[in-house]
Amino acid sequence: MSVPLLPIAASATLVAAGASLLLERSLVRLLAGVILLGNGVNLLIVTVSGPPGDPPILGRSAPGRMADPLPQAMVLTSIVITMGVTAFLLSMVHRSWQLTGGDEVQDDTEDRRVRLRSQRGEIAEAVRERRRAYRGLVAGQRAELVRLNAARHERERRAAREMRRRIDETGAELDRWVREHGEALPPERVAERRAEARRAEEESRRERHERVRRIREDFARRERELAEHEREVRERLKVRRREARKQMRAAIRADRARQARAEDPDLEGDD
Amino acid sequence: MESLVPVPVVLPLLAAALKLAIGGRLRRTQAFISVGTLAVVLAVSLVLLVAADRQGPLVTNAGGWPAPFGISLVADRLATVMLTVSSAVTLCVMVFSQAQAYADQEQAAPLAIFHPAYLIMSAGVSDAFLTGDLFNLFVAFEMLLSGSYVLLTFGGTESRVRAGATYAVVALVSSMLFLVAIAVTYGATGTVSMAQLAERFTPLPGSVRLLVELTLLLVFVVKAAVFPMSGWLPDSYPTAPAPATALFAGLLTKVGVYSIIRLEALLFPGGPVGGLLMWAALATMLLGVLGAAAQTDIKRMLSFTLVSHIGYMVFGVALFSVGGMAGAVLYAVHHITVQTSLFLVAGMIERRTGTTSVDRLGGLLGLAPLISVLFFVPAMNLAGIPPMSGFLGKLALVRAGVADGSPVALTLVAGGLVTSLLTLYAVAMTWNRAFWRTPPPDVAGAGTVLEGEETPEDAEGSGGAEGSEDAESPEGAGGSEGAGDPGERGGPGGPGGPGGPGGPDGPGEARGPGAAGAGRARGTEGITGREIVTSVRMPPPMIGATAALVALGLSYTVLAGPLSAFTVRTAAELLARRPYISAVLGSGR
């Protein structure tokens, strides 16, 4: 059997056009697609199912020249069925138009809900991640503070030891000097020297006090600075945390809005 | 005996015509017609089952046209067993839907539209099982589809129209593809009688055979919701009325599976697509069940498990051995029953609490122990806990897979076991959240039931306000119910209830979840798709129908021996092919 090219090409065109119309969101175009597709397929059935012939009616044409009646019966059936389905689709278009004022097929809200849930999970995960990072930062700062404290104590202890050593040294020197010059010097000289030494000692004590005070001041200042720093870090952390929370809330709000839009037919778009 | 073969197709069609003529009147007569018709169909199916098992395939030629030219209806073992299970399920669901419609005071629309569509659909399903003619199979598909279009979009609410659009378009495309396949088949062989096709496909060139086989397979795979073609199902099923979803879940996909079995066993025995089917089965099982684990809505979860478990049957078919086919048939029988009963229970949960979302459910075990038991048993059955029929079906398939021994088959066995575990995980999670946990304060729990025994007029009032589907009608009705709310709270609403969710804050707070959450909850849809009032009262027929299905699912355990012996006989008959062909074309061939 030779292949009749023209009907096959026509059928292919109809099917292709119908299939591309089926991909539309508008129900009316979809309906047109169904009709085109149905016609294309019916044409295909008639074309491929046998050579053309006379009408298959007994008594009007010789049985040998008749066309095969079975495909015609099948095509008739399928035409009727396509018509019924078309009527149903039309009523659905009408109902959709009644309900939403349009005939676009809407997105499934439950799918969106599942997607939204996974997005929310991701955002929450990110927030947790960031909080962990900040906690790590705070712990680091605390450790640094403890280390600085320890170093300061060490320094003070060392300074005190140094001072004691120098006092001992001065005392030893004084004793030596007394032993050397004790007999040679007149008592008034000794008294003078002693007074001098006492003055020097007084002075050195004042100096020492001064130094301790300075060290203490220095320490207090540093401590203040550290506290300041820590407060600042905390402040920054709080701000950042608040920002993250705000971001998350905005994201959730945006998702909700999108969700609402999906339910609102006028604003429906291809997400 | 042969004259009984067309009854399951013709009788529901006649009943549908009669009911269309009667319209919305004569409720009792109508109920009697529907239930009576389906009961007769069930009885006839049982008779056919026994006869086909004893005497081999029963054949009748429609209109008296001899076999290769006219349409023959063939009742062999596979067809009759599917027919019997499907008519039992259909009958139970019909009883359930009638009880629900009556309890919801929705009468006219269900009688005038729901029942005829339902009957036409069941006629289509029977025709698909019985037909011995490829084009008539197309007509059967169209019959059941046009019935299902109506059931799916029943009431014409927005969500149902949306779901209906997806469903209708997918169904239409597959129907068109079916027509193309028929055109190619007829062009290549000059016949559409399946028995004759089985003989005429063999001498064809391999490429043509493969083309026809793949096209037909694609059509059936869309119907059965096998993996690459399964996306439409979870989007469209959950919005339909509960009885319709239950019926769809039980029957429509199984019609696709049945067609795949026929295609692979009768028309293209041992074709080259077995390997392809194996991988499709694996993907269907795993992706379906992973989808189920991600859902928070019971109906959607069930839809995904439905898709997932289709994979088991496809696996059995793809093995192409007596064991595999027998396992597939056994699994189909089990799955029809169990999946339908689960969806019916989901409908009861929705009626009881106003929602099927597990986020908003909780503590159902205390609130509704009967529903809980009715959910638990088929859920465990679905997951394949021994000794229930789900376990038996899976066991049969696993044994067939191990007997096959190829690496792919063993992979599938492993995939099947993983799927079974994940199914258990999905249903157990639903069970934990919906039934076991203490309900969170804003959950539609005990205190939110608005309609109790004392207030049937409430339902009537809402029925009256329903007439206009405008935006203000739910508000108005909700308000009128809100007025009666605090009074009822103390009455029937508190079986085991923790004193109402908003106890300390007084009625103002208590109304919050009450009026918004359950009274007219969004998404709470009755059979016609409008929002219904939840109720603690379950009509006995609803419970009875569901319990009957659950019991049927359990009875497969008791009947395991005869049943599996029967499925083995079925598979042997399928793979032999000769009984079918000679019964249709005459034993001389």
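Residues numbered from 1 in each chain as written. Chains lettered and ligands numbered in written order. Predicted model: local features only at pLDDT ≥ 70, side-chain atom pairs only at ≥ 80, totals over all residues. Heavy atoms only, no water.

The UniProt entry for chain B carries this comment under Sequence similarities (unreviewed entry): "Belongs to the CPA3 antiporters (TC 2.A.63) subunit D family." (UniProt positions renumbered as here; feature names shortened; annotations may be inferred.)

Looking at an unreviewed UniProt entry, chain A carries the name Na(+)/H(+) antiporter subunit C, with the source organism given as Streptosporangium pseudovulgare. What UniProt records for chain A under Sequence similarities (unreviewed entry) is the sentence "Belongs to the CPA3 antiporters (TC 2.A.63) subunit C family." Comment text from UniProt for chain A, heading Subcellular location (unreviewed entry), reads "Cell membrane".

**Q** Which residues make up the interface of chain B and chain A, and what values do they have?
**A** On the side of chain A, 38 residues touch chain B, which itself brings 34 residues to the contact. Contact with chain A buries area across many residues of chain B, yet Arg162, Met176 and Tyr186 of chain B alone supply 21% of it, more than any other trio. Here chain B and chain A share zero salt bridges between them. At the boundary of chain B with chain A, the tally comes to one residue pair in polar contact (both at pLDDT 80 or more). If you list the elements that add at least two residues to the side of chain B that touches chain A, you get helix H5 (134-152) and helix H6 (158-189) of chain B. Top element by residues in the side of chain B that touches chain A is H6 of chain B. It accounts for 16 residues. (Contact = heavy atoms within 4.5 Å. Buried area = accessible area lost by both parts, 1.4 Å probe. Salt bridge = Lys/Arg side-chain N within 4 Å of Asp/Glu carboxyl O. Polar contact = N/O pair within 3.5 Å; in protein donor to acceptor, adjacent residues only side chain to side chain. Helix = DSSP H or I, 4+ residues; strand = E, 2+ residues; numbered from the N terminus.)

**Q** Go over the UniProt feature "domain: NADH:quinone oxidoreductase/Mrp antiporter transmembrane" (unreviewed entry) in chain B with me, naming the residues and quoting the values.
**A** Feature annotation in UniProt assigns "domain: NADH:quinone oxidoreductase/Mrp antiporter transmembrane" (unreviewed entry) to the following positions: residues 132-414 of chain B. Between the end C-alpha atoms of residues 132-414 of chain B the distance is 36 Å, and the span holds 80% helix and 0% strand.

**Q** Just give me the short version of the side chain of Glu264 of chain B, but keep the residues and values in it.
**A** All names here are of chain B. The residue Glu264 is located in helix H10 (residues 242-267) in this model. In this structure, Glu264 is buried with no salt-bridge partner, the nearest side chain bearing the opposite charge being Arg209 at 10 Å. The contact partners of Glu264, leaving out residues within four places of it in the chain, are Glu213, Leu217, Pro269, Gly270, Val273, Leu277, Val317 and Phe320. (Buried < 20%, exposed > 50% of the residue type's maximum accessible area, 1.4 Å probe, protein only. Lys, Arg positive; Asp, Glu negative; His and termini not counted.)

**Q** So what about a positive patch on the surface? Which residues, and what values?
**A** Residue and element names in this part refer to chain A. A surface patch of like charges, here positive, comprises Arg131, Arg135, Lys238, Arg241, Arg242, Arg245, Lys246, Arg249 and Arg253. For the positive patch, the secondary structure elements donating two or more residues are helix H4 (109-181) and helix H5 (187-263). For Arg135, the location among the structural elements is in helix H4. When its relative accessible area of 54% is taken as the criterion, Arg135 is described as exposed. (Patch = residues over 30% accessible without salt bridge, like charges linked within 9 Å, V, L, I, M, F, W, Y side chains within 5 Å. Areas by Shrake-Rupley, 256 points an atom, 1.4 Å probe, with all protein chains shown as cover. Charge placed at Lys NZ, Arg CZ, Asp CG, Glu CD.)

**Q** Requested: an account of the packing of aromatic side chains, with residues and values cited.
**A** Residue and element names in this part refer to chain B. One pass over the structure, following the stated rule, counts 21 aromatic pairs over all chains. Both rings, one in Phe141 and one in Phe220, keep their centres 6.0 Å apart while their planes meet at 90 degrees; by these two values the pair is edge-to-face. Separated by 79 residues along the polypeptide, Phe141 in helix H5 and Phe220 in helix H8 (residues 206-224) bring together distant segments of the chain. The exposure class assigned to Phe141 is buried, which follows from its relative accessible area of 1%. Judged by its relative accessible area of 2%, Phe220 is buried. With a centroid separation of 6.2 Å and an interplanar angle of 5 degrees, the aromatic rings of Tyr167 and Phe248 are classed as stacked. Here the residue Tyr167 occupies a position in helix H6, and Phe248 occupies one in helix H10, the gap between them amounting to 81 residues. (Phe/Tyr/Trp six-rings, centres within 6.5 Å; stacked < 30°, edge-to-face > 60°.)

**Q** An account of the packing of helix H12 (residues 298-319) of chain B against helix H13 (residues 322-353) of chain B is needed here, citing residue identities and associated values.
**A** Residues and elements named next belong to chain B. Following both chains from N to C, one finds H12 and H13 inclined at 175 degrees, their axes separated by 8 Å at the closest point. The angle between H12 and H13 falls in the class roughly antiparallel. In contact with Ile298, Lys299, Leu302, Ser303, Thr305, Leu306, His309, Tyr312, Met313, Gly316, Val317 and Leu319 of H12, H13 contributes Gly324, Met325, Ala328, Tyr331, Ala332, His335, Gln339, Leu342, Phe343, Ala346, Ile349 and Glu350. In terms of residue class, the contact of H12 with H13 is built from 15 nonpolar, seven polar and two charged. (Axes fitted to C-alpha atoms, helices over the stretch in contact; angles between N-to-C directions. Parallel < 35°, antiparallel > 145°, perpendicular 65-115°, else oblique. Nonpolar A, V, L, I, M, F, W, Y, C, P; charged D, E, K, R; others polar.)

**Q** Can you lay out helix H3 (residues 77-103) of chain B for me, pointing to particular residues and giving the numbers?
**A** When the terminal C-alpha atoms of H3 of chain B are compared, their 39 Å separation across 27 residues agrees well with the 39 Å that a helix rising 1.5 Å per residue should span. For H3 of chain B, the tally of buried residues reaches 24 of 27 residues, placing the bulk of the element in the interior. (Expected span 1.5 Å × (residues − 1).)

**Q** Describe a nonpolar patch on the surface, listing the residues and the values that go with them.
**A** Residue and element names in this part refer to chain B. A contiguous nonpolar patch, built from Leu210, Leu214 and Leu276 and spanning about 240 Å² of accessible area, is present on the exposed surface. Among the secondary structure elements, Leu210 is positioned in helix H8. A residue is classified by how much of its surface remains accessible, and Leu210, at 33% relative accessible area, is partly exposed.

**Q** I'd like a rundown of helix H2 (residues 27-55) of chain B, residues and numbers included.
**A** Taking 1.5 Å per residue as the helical rise, H2 of chain B with its 29 residues ought to reach 42 Å, and the 41 Å between its terminal C-alpha atoms agrees with that figure. Just beyond H2 of chain B, the residue with positive phi is Gly56 of chain B, at close to 90 degrees.

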